[in-house]
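Inside the fold
Okay, here's what each chain looks like letter by letter:
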Amino acid sequence: MKVVHTIEELRDQLRGQNRVSFVPTMGNLHEGHLSLMKMARQHGDPVVASIFVNRLQFGPNEDFNRYPRTLPDDIAKLERERDVYVLFAPDEREMYPEPQSYRVQPPDDLGDILEGEFRPGFFGGVSTVVLKLLSCVQPRVAVFGKKDYQQLMVVRQMCRQFQLPVDILAHETVRAEDGLALSSRNRFLSPEDRAEAPALYAALQSIKQRVAAGEQDLATIEGDATQALDARGWQVDYLAVRRQRDLLRPEAAEIAAGEPLVVLAAAKLGATRLIDNLEL
Ligand code: PAF
């Protein structure tokens, strides 16, 4: 695997390639990321991964400085798996040589709901860096995890509206045996909180069961699950059943007609904020 730190070196490595498959990450790689790379390998060649902790998508009180940076370990994992041909690991000066005054602004009805409501500016920061990374790598396909469901949708819509010549592929969420979705932030959980963490996925599953059983009062279902998590010491930011196609609330008639739904949640356990979702 070639590790490159500049856009010029990246372009040199990829000259003449037109089937590049790309996985953007912020590093601290876990099994979830590695399975994205495997999927990338099935859909193109060569596979390029990037590791860049993008300041633009962190709010002023968020964990940018604390975000785990583990490049040597990440490189070792990628070398072991042998799926990635080029790792692009730029520093901040390479990605943002001047203040990023041109930015992608996602539409309010997608960018400012759910995650966007609790993390103002997050999806603008994600979209801007993803556009820049796509422009550096120029892949034919790029793979994103469904764990960040809303991010996946934002990226898909951005690529469609800007008519970027890239297909965005979605990979299922990879979970620990007890159901916890793998995430770089799981490492911040204390042993007690790690033991409690699967309760978030359990709450999503219980919602799925109630909807599957024909219950239609979503506010009650969401409220019950929120209360149950609160009672166990969680602080729920949101827990919401939405339409898969646009993440808006479904009408009763749509639920009855079998509209594809997804339940999305974000909640804090101690100082760690976890997100998860489940298609219904
Ligand atoms: O999902 C992530 O790790 C990041 O949001 C991404 C897509 C790499 C952009 O910084």
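Up top is the structure these notes are about.
First, a word on what this report is: a plain description of the structure on this page. (Residues numbered from 1 in each chain as written. Predicted model: local features only at pLDDT ≥ 70, side-chain atom pairs only at ≥ 80, totals over all residues. Heavy atoms only, no water.)

1. With respect to the environment of Lys77
Within the secondary structure layout, Lys77 lies in helix H3 (residues 71-81). With 47 residues separating them along the chain, Lys77 and His30 place their C-alpha atoms 8.7 Å apart. (Helix = DSSP H or I, 4+ residues; strand = E, 2+ residues; numbered from the N terminus.)

2. As for the site of the ligand
Within the structure, the ligand sits among Pro24, Thr25, Met26, Asn54, Gln57, Val126, Val129, Phe144 and Gln151. Residue Gln57 places a side-chain N or O atom 2.7 Å away from an oxygen atom belonging to the ligand. A distance of 2.8 Å separates an oxygen atom of the ligand from a polar atom in the side chain of Gln151. Protein contacts shield 88% of the accessible area of the ligand, which totals 290 Å² for the unbound molecule. Of the residues that constitute the shell around the ligand, the class distribution is five nonpolar, four polar and no charged. (Near = heavy atom within 4 Å. Polar contact = N/O pair within 3.5 Å; in protein donor to acceptor, adjacent residues only side chain to side chain. Areas by Shrake-Rupley, 256 points an atom, 1.4 Å probe, with all protein chains shown as cover. Nonpolar A, V, L, I, M, F, W, Y, C, P; charged D, E, K, R; others polar.)

3. Observations regarding the side chain of Asp237
Residue position: Asp237 is located in strand E7 (residues 235-243). By relative accessible area, Asp237 is classed as buried at 17%. Engagement of the side chain of Asp237 in a polar contact is seen with the side chain of Arg273, the distance being 2.7 Å. Contacts of Asp237, omitting those with residues within four sequence positions, involve Phe118, Ala266, Ala267, Lys268 and Arg273. (Buried < 20%, exposed > 50% of the residue type's maximum accessible area, 1.4 Å probe, protein only. Contact = heavy atoms within 4.5 Å.)

4. Overview of the packing of helix H7 (residues 122-137) against helix H8 (residues 149-161)
Taken N-terminus to C-terminus, the directions of H7 and H8 make an angle of 55°; their axes are 10 Å apart at the nearest point. With respect to each other, H7 and H8 are oriented oblique. Note that H7 runs across H8; the crossing there is right-handed. Residues Phe122, Phe123, Val126, Ser127, Val130, Leu131 and Leu134 of H7 pack against Gln150, Gln151, Val154, Val155, Met158 and Cys159 of H8. Here the contact of H7 with H8 is built from residues that sort into ten nonpolar, three polar and no charged. (Axes fitted to C-alpha atoms, helices over the stretch in contact; angles between N-to-C directions. Parallel < 35°, antiparallel > 145°, perpendicular 65-115°, else oblique. Left-handed = near helix turned anticlockwise from the far one by under 90°.)

5. Considering H8
Taking 1.5 Å per residue, 13 residues should reach 18 Å; H8 reaches 18 Å between its end C-alpha atoms and fits that length. Three or more residues of H8 are buried, namely Tyr149, Gln150, Gln151, Leu152, Met153, Val154, Val155, Met158 and Cys159. Backbone geometry just downstream of H8 places Gln163 in the positive-phi region, at approximately 55°. (Expected span 1.5 Å × (residues − 1).)

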